[in-house]
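# Coordinate analysis (summary)
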Amino acid sequence: MAQPAKDLSAMMKDAPPVGVLEQLEPGIRRILAPNPSPMTYWGTNTYVVGTGRVAVIDPGPADDTHLRAILDGLAPGEQVSHILVTHAHLDHSPLARPLAEATGAPILAYGDAMAGRSDVMIDLVARGMTTGGEGVDAEFFPDQVIADGQLIQGDDWALTAIWTPGHFANHLSFAMKDAVFTADHVMGWASSLVSPPDGDLTAFMASCHRLAARDDRIYYPGHGDPVLDPAARIQWLITHRLGREADILAALDGAAKNIPTLTRMIYTDTPPALLGAAERNVFAHLIDLIARGLVQVHGPLDFTAVYEKTDP
């Protein structure tokens, strides 16, 4: 999921056909799930890697039509040997279990929907903030847990897991040589929504810098077109987040403020229906700024608190 789109109809004009397995490059195919929305763009990209005994990355939402399209789209004699889930959001992981039952393939992921959370996020959950509002697949669990850096191999393919928390704590990307399946961490059409306690901006920025240190040719995201200039896109994401951080610090000049006030000052052109997502984004930045000693909170760390800049 991303920052919600303002004009989905305009974006949908270039969408690929739903339910059709398309070749993107040798060894990589994509099939689009039928779940377009302002948060998912034209829908979830499900990827099929390899030939013969193939891996499926992000089966997508619980949709019987999409399940049948994945199975029917395979070449005669092809079998699914691995099901890889990048993270436990409802638009990526729920179809994994039905696909596993249909094929006998194991589900591989970093962990369940709570795996990988930082101590700050664990504390937020303990104090009652159970979700960031993005549609968590709370029932998700893998058959096999994948570690950061682990190599997963098939007959004619190999994928290396890269733990990229930030958008979601259990978020994995998968590198296939110089192509990376970045799921919701990096997309070309929008920036990722980072909403605590599921999202963690400190982790998001660290993951961005980790990907920036690589020399990749192309990104295949969870939604939208491939990213053809990974280095430029990662730098844009880092710059965009640093700009938002500067906006928050500037808005805190002179007086302490709560999250709704900060959001209205910063997101001046955002439709009212999208301000809730913007508030969660501001909260993510405030948590990061507190951890770095640049902002302090009056009272418990939550949406109702008042925040101010730390004295230099």
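One can find the structure itself at the top, above this paragraph.
Residues numbered from 1 in each chain as written. Predicted model: local features only at pLDDT ≥ 70, side-chain atom pairs only at ≥ 80, totals over all residues. Heavy atoms only, no water.

## Considerations on the overall build of the chain
A count of helices and strands for the chain gives eight helices and 15 strands. A compact globule built from 312 residues should have a C-alpha radius of gyration of about 20 Å, and the chain, at 20 Å, falls within 12% of that. Each principal axis of the C-alpha distribution contributes one length, and for the chain these read about 65 × 40 × 35 Å. A buried classification covers 54% of the 312 residues belonging to the chain. In the chain, the share of contacts with a sequence separation of at least 24, taken over all contacts with a separation of at least 6, comes to 66%. Total accessible area computed for the chain in this model is approximately 12600 Å², and 55% of it derives from carbon and sulfur atoms. Charge centroids of the chain, computed over 21 positive and 38 negative side chains, lie 3 Å from each other. (Helix = DSSP H or I, 4+ residues; strand = E, 2+ residues; numbered from the N terminus. Rg over C-alpha atoms; globule rule 2.2 N^0.38 Å. Buried < 20%, exposed > 50% of the residue type's maximum accessible area, 1.4 Å probe, protein only. Contact = heavy atoms within 4.5 Å. Areas by Shrake-Rupley, 256 points an atom, 1.4 Å probe, with all protein chains shown as cover. Lys, Arg positive; Asp, Glu negative; His and termini not counted. Charge placed at Lys NZ, Arg CZ, Asp CG, Glu CD.)

## Remarks on the packing of helix α6 (residues 230–251) against helix α8 (residues 275–291)
The interhelical angle for the contact between α6 and α8, taken along N-to-C directions, is 85 degrees, at an axis separation of 10 Å. The pairing of α6 with α8 is recorded here as roughly perpendicular in orientation. For the pair α6 and α8, the contacting residues are Arg241, Arg244, Glu245, Ile248 and Leu249 in the first and Asn281, Val282, His285, Leu286, Asp288 and Leu289 in the second. Residue classes in the contact of α6 with α8 are distributed as five nonpolar, two polar and four charged. (Axes fitted to C-alpha atoms, helices over the stretch in contact; angles between N-to-C directions. Parallel < 35°, antiparallel > 145°, perpendicular 65-115°, else oblique. Nonpolar A, V, L, I, M, F, W, Y, C, P; charged D, E, K, R; others polar.)

## What about the pattern of salt bridges?
All told, the structure shown has 14 salt bridges when counted by the stated rule. The salt bridge involving Glu25 is made with Arg217; its shortest N-O contact spans 3.0 Å. In this pair, Glu25 sits in strand β1 (residues 22–25) while Arg217 sits in the loop between α5 (201–212) and β12 (218–221), placing the two residues 192 residues apart along the sequence. Several salt bridges share partner residues, and in doing so they unite Glu25, Asp178 and Arg217 into one network. (Salt bridge = Lys/Arg side-chain N within 4 Å of Asp/Glu carboxyl O.)

## Digging into helix α3 (residues 96–103)
Listed as buried for α3 are Ala96, Leu99 and Ala100. Each buried residue of α3 lies within a common arc of 100 degrees when the element is viewed along its axis, so the set occupies one face. Residues of α3 that are buried sit in contact with β4 (53–57), α2 (64–73), β5 (79–84) and β6 (107–109). Remark: Gly104 follows α3 within two positions and exhibits a positive phi of approximately 80 degrees. (Arc of directions from axis to C-beta.)

## Concerning the nonpolar core
When a protein is soluble and globular, its nonpolar side chains tend to lie buried together. By size, the foremost hydrophobic cluster in this structure holds 23 residues, and its most contacted members are Val80, Ile83 and Ile107. Counting 21 residues, the second largest nonpolar core, distinct from the first, contains Tyr267, Val282, Phe283 and Leu286. (Core = buried A, V, L, I, M, F, W, Y, C linked by side-chain atoms within 4.5 Å.)

## Brief notes about unusual backbone geometry
A cis amide bond, omega 5 degrees, links Pro196 with the succeeding residue Pro197. Note that Pro197 resides in the loop between β11 (179–183) and α5. Even without glycine at this site, Tyr41 takes up a positive phi of about 60 degrees. Of the residues examined, Tyr41 reaches a relative accessible area of 10% and is grouped as buried. Unlike most non-glycine residues, Ala183 shows phi in positive territory, near 50 degrees.

## Regarding the packing of aromatic side chains
Each aromatic ring pair is summarised here by two numbers: the centre-to-centre distance and the angle between the ring planes. Within this structure, the stated rule accounts for seven aromatic pairs. Both rings, one in Phe283 and one in Phe303, keep their centres 4.7 Å apart while their planes meet at 40 degrees; by these two values the pair is tilted. Of this pair, Phe283 sits in helix α8 while Phe303 sits in the loop between β14 (295–298) and β15 (306–309), and the two are 20 residues apart along the sequence. Classification of Phe303 by relative accessible area gives partly exposed; the value is 26%. The lysine or arginine in question, Arg233, covers the ring of Trp236, its NZ or CZ lying 4.3 Å from the ring centre. The ring of Tyr267 has Arg244 sitting right over it, with the charged end atom 4.3 Å from the ring centre. (Phe/Tyr/Trp six-rings, centres within 6.5 Å; stacked < 30°, edge-to-face > 60°. Lys NZ or Arg CZ within 6 Å of the ring centre and 35° of its normal.)

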